[in-house]
Amino acid sequence: MESTFYLIAIGFLFGLAGWLLFLWAVRSGQLDDIEATKYRILDDDDEKENSPKKKSEKVDK
Amino acid sequence: MSVTDAPRHGSVRCEHCLQEMPERSSISKKIDGQRHFFCCHGCLGVWEIVHGGSLDTFYNERCDWTPGRPAFTAVNPADFASLIVTDGKTSRLDLSLSGIRCASCVWLVEKVLSRLDGVLSARVNYATRRATFEWRPETISLEKILSTLSNMGYAPLPGNRTASIDAAAAEKREMLLRFGTAGFFSMQLMLITAALYAGFFQGMETHYRTAFQLISWVLSTPVIFYSGFPFLAGAFRSLRSGGANMDVLVSLGALSAYGYSVAMIFTGGELFFDTSAMIVTFILLGRFIEAGSRLKAGSALTALVELQPSEARISEANGETTFVPLDKISKGSLIEVIPGDRVPLDGTVAEGSADVDESMLTGESVPVLKSRGSEVYAGTASLTGRLLIRVTAEPHETVLARIVRTVEEAQARKAPIQGIADRTAAFFVPAIVLLATGTLLWWSLVKGAPVAALMNAVSVLVVACPCALGLATPLAILVGTTAIGRKGILVKGGDLFESVSRTSTVVFDKTGTLTKGRPSITDTLDYQVSDRFMQHCASLEAWSEHPAGKAIVAAWHGERLRVKEFRAIPGMGVAGFIDGRQWIAGTPALLQQEGVKPEPEQLQQVEALRNEGKTVILIACEKRLAGLIALIDTLREEATEMIASLHALGLKNIMLTGDHEVVARTVASHCGITDVRAGLNPLGKADAVRELKQSGATVMMAGDGINDAPALTEADTGLTLGSATGIALESSGIAILNDDLRLITTLFTHARKSFRIIRQNLFWAFGYNMLALPLAISGILHPIVSAILMATSSLVVVGNSLRLRNL
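The rules behind these values
Residues numbered from 1 in each chain as written. Chains lettered and ligands numbered in written order. Predicted model: local features only at pLDDT ≥ 70, side-chain atom pairs only at ≥ 80, totals over all residues. Helix = DSSP H or I, 4+ residues; strand = E, 2+ residues; numbered from the N terminus. Buried ≥ 20, exposed ≤ 12 C-beta atoms within 10 Å, placed from the backbone. Contact = placed C-beta atoms within 7 Å. Axes fitted to C-alpha atoms, helices over the stretch in contact; angles between N-to-C directions. Parallel < 35°, antiparallel > 145°, perpendicular 65-115°, else oblique. Left-handed = near helix turned anticlockwise from the far one by under 90°. Nonpolar A, V, L, I, M, F, W, Y, C, P; charged D, E, K, R; others polar. pLDDT = per-residue confidence, 0-100. Core = buried A, V, L, I, M, F, W, Y, C linked by C-beta atoms within 7 Å. Pairing = 2+ DSSP bridges. Expected span 1.5 Å × (residues − 1). Arc of directions from axis to C-beta. Right-handed = clockwise from strand over helix to strand, strands pointing away.

**Considerations on the overall build of chain B**
The helix and strand inventory of chain B stands at 27 helices and 31 strands. When the 807 residues of chain B are sorted by exposure, 46% land in the buried category. Across chain B, every contact between residues at least 6 apart in sequence was considered, and the portion connecting residues at least 24 apart equals 67%.

**Thoughts on the overall build of chain A**
On a plain count of helices and strands, chain A comes out with three helices and zero strands. Sequence-ordered secondary structure for chain A, helices as α and strands as β, is α-α-α. The 61 residues of chain A split such that 2% are buried.

**With respect to the packing of helix α17 (residues 533–541) of chain B against helix α18 (residues 547–555) of chain B**
Residue and element names in this part refer to chain B. Where α17 contacts α18, the axes come no closer than 8 Å and their chain directions differ by 135°. Here α18 runs oblique to α17, going by the angle between their axes. Crossing angle aside, the handedness with which α17 passes α18 is left-handed. Taken together, the residues of α18 that come into contact with α17 (itself represented by C537, A538 and E541) are G549, I552 and V553. Class assignment for the residues of the contact of α17 with α18 results in four nonpolar, one polar and one charged.

**Let's talk about the confidence of the model for chain A**
All names here are of chain A. Averaged over every residue, the pLDDT of chain A is 70; the share at 70 or more is 56%. Mean pLDDT per element in chain A: helix α3 (residues 51–60) is the minimum at 39, and helix α1 (residues 2–27) is the maximum at 88. Between residues 46–61, whose pLDDT stays under 50, and residues either more than four places distant or in other chains, the model counts 15 contacts.

**Regarding the nonpolar core**
As a rule of thumb, soluble globular proteins bury nonpolar side chains together. All names here are of chain B. Residues V280, V460, L461, A472, V507 and M701 are the most contacted members of the largest nonpolar core, which totals 116 residues. Considering every element that reaches this core, the biggest residue donor is helix α26 (residues 742–777), with 15 residues. What A472 contacts, discounting residues up to four positions off in sequence, is I758, N761, L762, A765 and V797. Formed by 38 residues, the second largest nonpolar core is a distinct cluster that contains V50, V75, I100 and L146.

**Digging into the sheet that holds strand β14 (residues 354–357) of chain B**
Think of a sheet as strands paired side by side through backbone hydrogen bonds, with each pair either parallel or antiparallel. All names here are of chain B. Strand order in the open sheet formed by three strands is β15-β14-β17, with antiparallel pairing between adjacent strands. A single partner strand is all that each edge strand has here, and the edge strands are β15 (368–370) and β17 (381–382). Strand direction decides the pairing type here: β14 and β15, joined by three bridges, are antiparallel. Considered in β15, the bridge of V356 is made with V368.

**Comments concerning the sheet that holds strand β27 (residues 652–656) of chain B**
Residue and element names in this part refer to chain B. Across the sheet, seven strands lie side by side as β19-β31-β30-β29-β20-β27-β28; this open sheet has mixed pairing. Of all the strands in the sheet, the pair left with one neighbour each is β19 (489–491) and β28 (675–677). Direction aside, the axes of adjacent strands within the sheet are offset by 20° on average. Across the face of the sheet, helix α23 (residues 682–694) comes into contact with β20 (505–509), β27, β28 and β29 (699–703) while running at roughly 160° to β29.

**Notes on the environment of B:Y197**
Positionally, B:Y197 belongs in helix α5 (residues 163–202). Each C-alpha atom, one on B:Y197 and one on B:E270, is 9.0 Å from the other, the two residues being 73 residues apart in sequence.

**Considering unusual backbone geometry**
All names here are of chain B. The phi angle at D579 is positive, at roughly 50°, despite the residue not being glycine. When the 11 C-beta atoms within 10 Å are taken as the criterion, D579 is described as exposed. Of note in the backbone geometry, E622 takes a positive phi value of approximately 50° without being a glycine. Residue placement: E622 occurs in the loop between β25 (615–621) and β26 (624–632).

**Description of α26(B)**
For α26(B), built from 36 residues, the straight-helix expectation of 52 Å at 1.5 Å per residue is met to within 8% by its first-to-last C-alpha distance of 53 Å. B:G779 lies just past α26(B) and shows a positive phi near 80°.

**What about the packing of helix α15 (residues 495–502) of chain B against α26(B)?**
Residues and elements named next belong to chain B. At a minimum axis distance of 8 Å, the contact between α15 and α26 shows a crossing angle of 115°. Relative to α26, the element α15 lies roughly perpendicular. Handedness of the α15/α26 crossing: left-handed. In contact with F497, E498, V500 and S501 of α15, α26 contributes L747, F748, A751, R752, S754 and F755. Each residue belonging to the contact of α15 with α26 can be placed in one class, and the counts come to six nonpolar, two polar and two charged.

**Things to note about helix α20 (residues 600–611) of chain B**
Residues spaced three or four apart along an α-helix face the same direction, because each turn holds 3.6 residues. Residues and elements named next belong to chain B. With twelve residues, α20 ought to run about 16 Å at 1.5 Å a step, and its terminal C-alpha atoms sit 17 Å apart, in line with that. Those residues of α20 that fall on the buried side of the exposure criterion are V606, L609 and R610. What you see down the axis of α20 is that its buried residues fit within an arc of 100°, all on one side. Away from its buried face by more than 90 degrees, α20 exposes P600, E601, Q604, E607 and N611.

**Examining the confidence of the model for chain B**
Averaged over every residue, the pLDDT of chain B is 79; the share at 70 or more is 85%. ipTM for the predicted complex: 0.71, alongside a pTM of 0.60.

**A short note on the pairing of β27(B)**
Residues and elements named next belong to chain B. The element β27 is extensively covered by neighbouring structure, given that four of its five residues are classed as buried. Here five bridges tie β20 to β27, and the two strands are oriented parallel to one another. Counterpart to D509 in the pairing with β27 is L656. Inspection of the sheet shows β27 paired to β28 by three bridges, in the parallel sense. Of the residues in β28, the one forming a bridge with M655 is V676. Read from β27 through helix α22 (residues 661–671) to β28, the crossover connection turns out right-handed.

Dropping the structure here:
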C-alpha cells in the first residue's frame with residue numbers, strides 16, 4: 001500500500017511537470033500557429049547545400 | 001482553372017504566377033541555357049530572387065496552383081513606424097502580409113528574410129497571415145526589408161490589428177489554459193479516485209483513505225473554480241436575470257457534487273470530486289471545440305478585414321495630398337487611389353482608369369478595367385493607373401464590411417438543433433432542482449433517513465449532468481466539418497448539415513457549374529454590315545465579365561478599338577459606341593429590346609446553331625444585325641454521374657440558366673436533368689428559387705457565386721464552386737474548392753450521416769437522463785454508479801461522433 005502511495009506521488013510529479021510545460025507553451029505562443037509548424041519540420045536548414053536540388057528531382061519524377 | 005491543363009496553342013504560362021498568356025506578349029529570358037517565360041517584369045524579378053537563392057523548392061512544393069498575378073505594391077515605411085517595438089539594438093515588427101497562399105509562401109518569406117544581413121529572425125504565421133521579424137536597425141533599414149517583401153509580390157500591410165482580433169486570440173489562449181489545466185487535474189484526480197473506488201470495494205486503511213481524500217479535494221478545487229469559472233460566472237449572470245441556462249445546470253451539478261464531497265470528508269462518506277471535475281472538463285471540451293472551429297473560419301475573415309486601408313488619400317485643390325482617417329470622410333467626397341494602393345471605400349470612378357484586382361471579392365484572378373462611372377470596392381487593389389473616386393459608402397456600408405458582417409453572423413449563429421439543448425435547459429434545470437429537493441425531503445421526512453436523503457439528492461443532480469448533452473452537437477459538427485474539409489468542401493456553419501440533409505431539390509446554374517464555364521467559339525457569321533467585324537466584337541466585349549465575352553476577347557489577338565459609353569446589361573449583353581457608331585452584343589432578347597430586327601433567314605441560322613447546343617451571341621451595329629458568334633461550353637465530365645447519384649439519393653434536380661431554352665435543353669438532356677428553366681436573368685433565378693421554396697421544397701442552389709448571388713442567398717443552402725472568397729462567402733454557406741462536381745454527392749451523404757449522428761447523440765444523452773432519473777430518485781442508484789453511467793454516456797457520444805471521421 002505504501003509503495004502505491006509513493007507511485008501515485010511520483011506520477012503526480014510527472015504530470016505536474018507536463019502541466020508546467022503546457023503552461024509555458026501556451027504563454028510563450030507555441031500553440032498559436034499549429035498549421036505551418038507541421039510543414040516547417042520538413043524544411044532543410046542547411047539550404048546552402050544542394051539539398052533543394054535533390055528534392056526537386058524527386059518531385060519531378 | 002488549374003495548371004494541370006496544358007496552355008492553349010501559342011500560349012505559355014508564367015513560371016512564377018502561372019498566368020496563361022499568348023507567347024508573344026510574354027517576357028522570355030534565357031537562363032542556364034533554358035528559356036523561361038514570364039507575364040511581367042515583376043514575376044521575372046521574383047523568379048530571379050528565388051532561383052538566385054537556390055530556393056527553387058518553392059516552385060515544386062507549392063500547393064496552391066491557381067494562376068494569379070501577384071500585386072506588386074509600393075510600401076511606405078512610415079506607415080509602420082508606430083508598430084515597431086525597439087530595445088535599442090534590435091527592432092521588432094509584427095505586420096500583416098497579404099499574398100500568402102500556402103505553406104510554401106511561409107517557407108519562402110522566412111528563408112529570404114532571414115538571409116538578409118541584419119535580420120535576426122523572421123516568422124510567418126500561416127493561420128493569421130502575419131509576419132514577425134527582428135532586425136538590427138544599424139545594419140539594415142526597415143525600408144529594405146519591406147521592399148524585399150513587396151518585390152516578391154507579398155504586400156506588407158500595417159495590419160489594422162483590431163482590438164477584437166486581439167481579444168479573440170487572448171480568449172483562445174485563456175480557454176486553452178483553462179482546458180489544459182482541467183485536463184491535467186482531472187486525470188490526476190481519476191487516478192486517486194480509482195484508488196478510492198478500489199478501497200470502497202476491498203477496504204482501505206483509514207489514514208491512506210483520508211490522505212487520498214484530501215489530495216482529491218486539493219486536485220478538484222482548481223478545476224471547479226479556475227477552469228469552471230466561465231460556467232460559474234455564466235450561471236450567476238443567468239440567475240440574476242431570472243433565467244436558467246446550461247451554465248446553471250453545469251454549475252449546479254459540479255458545485256453540488258463538490259460541496260457534498262467536502263462535507264463527506266469531515267463526516268466520513270464517499271466522495272464525488274471526480275464527478276464534479278469531469279462535468280467541468282467535458283463541457284469545457286465541448287466549448288473549446290466550438291470556439292476552435294469558429295476561430296478557424298474567422299482567420300480568413302481577418303485577412304479580409306486587413307485589406308481595407310485605414311486612411312484615404314485626398315488631393316486638395318492646391319494639388320497637395322493629405323491622408324485622412326476613413327471615419328472623417330463623408331459620402332460624396334473625392335479620394336485618390338494611385339497604382340499599388342488599395343481602394344479604401346466603395347465609390348464610383350470620377351476620373352482616370354485602371355486595372356483593378358478584385359480577386360479578394362470575386363475570386364476572379366484577371367484584373368478588371370475600371371474607368372469613369374465604374375463602381376470600385378473597398379479592399380480591391382489598383383494595379384495600373386490613378387483613380388479619383390467619389391465615395392458612395394461609409395466605412396461600415398462597404399461591400400467588404402457587409403461580407404465581414406455576414407460571415408461574422410454566420411459564425412455566431414448556433415445550429416438550430418443546438419438550440420434544443422439550450423431551450424431544454426430552461427425547463428430542465430428547474431425541474432431537476434425540484435426533483436432533487438423533492439428527493440431530499442421525501443427521504444429525510446417520510447423515510448426518516450437524512451444521510452440516504454442527501455446521497456440520493458446528489459445522485460439526482462449527478463445523473464442529470466448534461467455532459468453528454470453539451471458535447472453531443474459541437475463534437476459531431478467538428479468531426480464532420482473537419483473530415484469534409486479535408487476533401488475540399490468548406491462548410492461555414494454546423495447548422496448547414498441540417499439544411500443540407502433536409503434538402504429536397506437541388507438547383508444548378510448551367511454556365512460554370514454544370515459546364516466548364518469556358519466556352520470556345522465554334523461559328524462566326526459576318527453579315528458584312530461593318531468592316532473589321534471581329535475587332536469590333538473583341539473591343540466591345542473587352543470589359544465584359546461574362547465567360548462568352550471573354551472567349552470572344554481571347555479569340556482576337558490584334559489591337560482593340562476604343563469603346564465609349566460602355567454599359568453591361570447583366571445576363572443579356574453589352575453595348576457601347578465605337579468610332580461614333582452604336583454596337584450591341586448580346587442575346588436576341590436584348591437586341592429585340594434595342595429595336596434590332598433580324599431577317600427571317602438569319603433567325604433560322606440562330607435556331608440551327610442552338611439546336612446543336614450552342615450559345616449564340618448576336619452583334620448589331622447601328623440597329624442592324626452585323627453578325628453572330630456561336631459558342632459551345634462543354635459539359636463537365638463528371639456532371640452526368642453526379643446528377644445520377646443525386647437522383648439516386650432521392651433529390652430532384654433543376655437547371656436554371658440565362659441561356660436560351662433550346663441550348664439549355666440540349667445540355668440538360670446530356671447530363672440527365674429534365675426540369676429546365678431557361679432565359680432567366682440573375683433576379684429571375686432568385687425568383688425561381690423562391691417559387692420552389694413556396695411550393696414546399698427545401699432548395700439548395702449550386703452556382704458560381706458572382707452572377708448567382710441573389711439566387712444563392714434566396715435558397716435554403718447556397719453552394720459555390722471553385723472559389724471561397726468574398727462574395728462567395730457572403731452569399732453561400734458551402735464552398736467546394738476544387739471544382740469536382742462529384743463532391744456534391746459526397747456532401748449530401750456526409751451531411752445526412754452527420755445530422756443522423758447528431759440526432760443519435762442527443763437521443764442518447766436525453767434518453768440516458770430519462771432512464772436514470774427515476775432510478776436515482778428511488779435510491780437504487782448509488783452516486784458512484786451514476787458517476788460511472790455519466791462518464792459512459794459521454795464516451796458513447798464521443799465514440800459515436802468519431803464515426804464521422806471517415807467519409
